Amino acid sequence: MSVGELAGLLVAVFWAVLVTLLAVVLVRLSKVLKEATVLVSAVTEQAVPLLVDAGTAVRSANEQLERVDEITANVQDAAANANALSSTVAATIGGPLVKVAAFSYGVRKAVARQQGAAALPEQAADRDALARLVRAEVRAATAPRSGGLIARVRRAVRG
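Residues numbered from 1 in each chain as written. Predicted model: local features only at pLDDT ≥ 70, side-chain atom pairs only at ≥ 80, totals over all residues. Heavy atoms only, no water.

Quick notes on the overall build of the protein
- Assigned secondary structure in the protein consists of three helices and zero strands.
- In the protein, the succession of α and β elements from N to C terminus is α-α-α.
- Going through the 159 residues of the protein one by one, you find that 7% of them count as buried.
- Accessible surface for the protein amounts to roughly 13,100 Å². Of this, 68% is attributable to carbon and sulfur atoms. (Helix = DSSP H or I, 4+ residues; strand = E, 2+ residues; numbered from the N terminus. Buried < 20%, exposed > 50% of the residue type's maximum accessible area, 1.4 Å probe, protein only. Areas by Shrake-Rupley, 256 points an atom, 1.4 Å probe, with all protein chains shown as cover.)

Here is the structure:
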């Protein structure tokens, strides 16, 4: 055997080993690809129902949020109406009530003068309450009136 034939034999053996190794790698790669395909199929089969359920849950949550928005708007309207009603009641009943309190105080003071008793209320809390009532009546009497009851209700509703 000559050197050229020996070199050719070595190259042929090298190529045979290389092709064998590549064949083993390709077989293993094909197994990995088959397993990946099976895995992707399984994930797809399980993911699609999960996505459908998630979409249903999101739609349901959106419906519930819309209901909560409606309830919030209704509560806000009710609160505005209650505020307007309380303002109206306070304006309607508060003025005459202060006048009655001031009148009764004046009567008590006049009776006390006739009997020779002290002119001021006996307790500090009564004096403070009376002072608050008188201040409120003065503020109500000096406040500018524009439009009457309907205007006050509108202002109360607007906040």
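Still to come is the rest of the account.
Details of the packing of aromatic side chains
- Under the criterion given, the structure shown has one aromatic pair.
- With 6.2 Å between their ring centres and 70° between their planes, Phe-14 and Trp-15 make a pair best called edge-to-face. (Phe/Tyr/Trp six-rings, centres within 6.5 Å; stacked < 30°, edge-to-face > 60°.)

Notes on a nonpolar patch on the surface
- A cluster of nonpolar side chains, Met-1, Leu-6, Leu-9, Leu-10, Val-13, Val-17 and Leu-21, forms an exposed patch at the surface whose accessible area comes to about 730 Å².
- Within the element layout of this structure, Leu-6 appears in helix α1 (residues 3–115).
- Residue classification places Leu-6 among the partly exposed residues on the basis of a relative accessible area of 45%. (Patch = residues over 30% accessible without salt bridge, like charges linked within 9 Å, V, L, I, M, F, W, Y side chains within 5 Å. Salt bridge = Lys/Arg side-chain N within 4 Å of Asp/Glu carboxyl O.)

Points about α1
- When the local axis directions of α1 are compared, the greatest deviation, roughly 30°, occurs at Gly-94, which is followed within four positions by the proline Pro-96.
- Where α1 is concerned, the buried positions are Ala-80, Ala-84, Thr-88, Val-98, Tyr-105 and Ala-112. (Bend = angle between axes of the 7 residues up to and from the residue.)

Considering the confidence of the model for the protein
- Counting all residues, the mean pLDDT for the protein is 83, and 83% of those residues have values of 70 or more.
- Model confidence for the protein, summarised as mean pLDDT per element, is weakest for helix α3 (residues 148–158) at 65 and strongest for α1 at 90. (pLDDT = per-residue confidence, 0-100.)

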